[in-house]
Amino acid sequence: MKPTAISADVLFEDHREILKWHWVAGLSASERRFDEAAVKEARSGADVVGHLNYIHPYRVQVLGKREVAYIGNGSAEDTRRRIARIVTLEPPVLIVADNQHAPEALVAMCERAHIPLFATADSAGFVIDVLRAYLSRHFAERTTLHGVFMDILGVGVLITGESGLGKSELGLELISRGHGLVADDAVDLDRVNQTIIEGRCPDLLQNLLEVRGIGLLDIKAIFGETAVRRKMRLRLIVHLVRLETMERDYERLPSEPLYQNVLDVAIRKAVIPVVAGRNIGVLVEAAVRNTILQLRGIDTYQEFVQRQRAAMVGNY
């Protein structure tokens with residue numbers, strides 16, 4: 001899914017309280033947008049904001065004490081030339097931080113060039129951190145997958161599988177065992193950076209779980225605040241299959257960990273066959289615990305292979 005554009009006005013309003021900034025100049029350009037040019041130039045949404053930089057155009061440029069001092073250090077012609085250089089970079093927004101006073105020449109140039117200029121007393125570093133996090137999420141690549149997304153032992157687990165295998169019922173069992181629901185049926189996934197996928201629930205389905213034969217359940221109302229989560233990092237996909245599918249398409253004891261590509265990020269995957277009489281909830285918990293061990297560098301299968309090799313050597 002393609003990220004949507006964002007205007008200077010939306011950026012300003014979304015951070016009015018946290019950054020306590022005010023609009024200094026360029027109010028006529030409140031609808032000025034930065035999207036395609038910035039994303040093409042930058043590697044991610046986080047790269048769309050930074051300190052005053054004469055190399056990369058289309059960035060939200062932040063001016064702290066040193067940058068403001070640099071602009072005013074020299075003759076009036078030097079100041080004009082430096083400000084003109086900033087304007088040629090076509091910044092969607094300029095921000096004067098560190099409680100600095102915006103130079104009059106900069107204010108006048110922003111008015112003429114229709115560039116929004118904000119000012120805040122917060123430090124330049126804090127402004128950059130806040131906006132990078134915001135823009136990184138806004139411009140993140142995103143998709144929607146079908147399944148039940150849960151917090152199991154602190155790990156974000158997406159339960160997927162063939163239709164009719166009881167994914168939602170499994171989710172309900174895991175919730176009753178003390179785990180948390182993020183989303184049922186549709187899960188919105190964002191790639192917030194090169195290695196992290198974050199999942200959350202669409203607003204329409206917030207706190208809801210559909211169980212066949214019962215209908216929609218409000219998990220928050222039934223189980224309380226601790227039974228739901230707003231978002232989680234996706235670390236594991238548990239895929240439920242029928243026994244015949246397992247025997248046909250998967251190895252019983254895979255020699256290498258399974259992965260599934262989600263937004264160009266490899267996510268660990270466990271495949272569990274659903275058979276009458278099996279406690280799938282316990283198996284999912286076991287798969288999560290095993291994943292935690294793997295993330296800590298403990299690979300049970302490889303340890304078994306080493307034991308086997310040692311035993312074979314000992315027999316010769």
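What counts and what doesn't
- Residues numbered from 1 in each chain as written.
- Predicted model: local features only at pLDDT ≥ 70, side-chain atom pairs only at ≥ 80, totals over all residues.
- Heavy atoms only, no water.
- Axes fitted to C-alpha atoms, helices over the stretch in contact; angles between N-to-C directions.
- Helix = DSSP H or I, 4+ residues; strand = E, 2+ residues; numbered from the N terminus.
- Parallel < 35°, antiparallel > 145°, perpendicular 65-115°, else oblique.
- Left-handed = near helix turned anticlockwise from the far one by under 90°.
- Contact = heavy atoms within 4.5 Å.
- Nonpolar A, V, L, I, M, F, W, Y, C, P; charged D, E, K, R; others polar.
- Phe/Tyr/Trp six-rings, centres within 6.5 Å; stacked < 30°, edge-to-face > 60°.
- Buried < 20%, exposed > 50% of the residue type's maximum accessible area, 1.4 Å probe, protein only.
- Polar contact = N/O pair within 3.5 Å; in protein donor to acceptor, adjacent residues only side chain to side chain.
- Core = buried A, V, L, I, M, F, W, Y, C linked by side-chain atoms within 4.5 Å.
- Lys, Arg positive; Asp, Glu negative; His and termini not counted.
- Salt bridge = Lys/Arg side-chain N within 4 Å of Asp/Glu carboxyl O.

(A) Molecular detail of the packing of helix H5 (residues 76-88) against helix H6 (residues 104-113). Put simply, H5 and H6 touch, their axes get as near as 10 Å, and they point 40 degrees apart. Relative to H6, the element H5 lies oblique. In the crossing of H5 with H6, the sense of the turn from one axis to the other is right-handed. Contact residues: H5 offers Thr79, Ile83, Ala84 and Val87, while H6 offers Ala105, Leu106, Met109 and Ala113. Partitioned by chemical class, the residues of the contact of H5 with H6 number seven nonpolar, one polar and no charged.

(B) Summary view of the packing of aromatic side chains. By the definition in use, this model includes five aromatic pairs. Considering the side-chain rings of Phe12 and Trp21, the 5.8 Å spacing of their centres and the 5 degrees angle between planes classify their relative orientation as stacked. When the ring of Phe12 is compared with that of Trp23, the centres are 5.2 Å apart and the planes differ by 50 degrees; the resulting orientation is tilted. With Phe12 in helix H1 (residues 8-14) and Trp23 in strand S2 (residues 22-25), this residue pair connects regions lying 11 residues apart in the sequence. Each member of the pair, Phe12 together with Trp23, is buried. Three or more aromatic residues link up through ring pairs in this structure, and these residues are Phe12, Trp21, Trp23 and Phe118.

(C) Region of interest: the side chain of Arg142. For Arg142, the location among the structural elements is in strand S8 (residues 141-152). The class of Arg142 is buried, set by a relative accessible area of 17%. Separated by 3.2 Å, the side chain of Arg142 and the backbone oxygen of His138 make a polar contact. A distance of 3.4 Å separates polar atoms of two side chains, one belonging to Arg142 and the other to Asp190.

(D) Representation of the nonpolar core. Core analysis: the biggest nonpolar cluster contains 27 residues, and Val157, Ile159, Ile219, Leu240 and Val284 have the highest contact counts within it. Contributing elements (two or more residues each) for this core: S8, strand S9 (155-161), helix H8 (167-176), strand S12 (208-211), strand S14 (231-242), strand S16 (265-274) and helix H11 (280-295). With residues up to four places along the chain from it excluded, the contact list for Ile159 reads Gly147, Val148, Met150, Lys167, Leu170, Leu174, Val238 and Leu240. Counting 20 residues, the second largest nonpolar core, distinct from the first, contains Ile6, Phe12, Trp23 and Val62.

(E) Examining unusual backbone geometry more closely. Backbone geometry at His114 places phi at a positive 55 degrees, although glycine is not the residue there. Mapped onto the elements, His114 comes out in the loop between H6 and strand S7 (117-119). Of the residues examined, His114 reaches a relative accessible area of 43% and is grouped as partly exposed. Positive phi, close to 70 degrees, is recorded for Asp264, a residue that is not glycine. Among the secondary structure elements, Asp264 is positioned in the loop between strand S15 (258-262) and S16.

(F) The arrangement of the side chain of Arg268 in detail. Among the structural elements, Arg268 can be located in strand S16. Of the side chains bearing the opposite charge, Asp299 lies closest to the buried Arg268, which forms no salt bridge; the N-O distance is 6.7 Å. A distance of 3.0 Å separates a polar atom in the side chain of Arg268 from a polar atom in the side chain of Gln294. The contacts of Arg268, once residues within four sequence positions are left out, are Arg235, Leu236, Ile237, Leu258, Tyr259, Thr291, Gln294 and Leu295.

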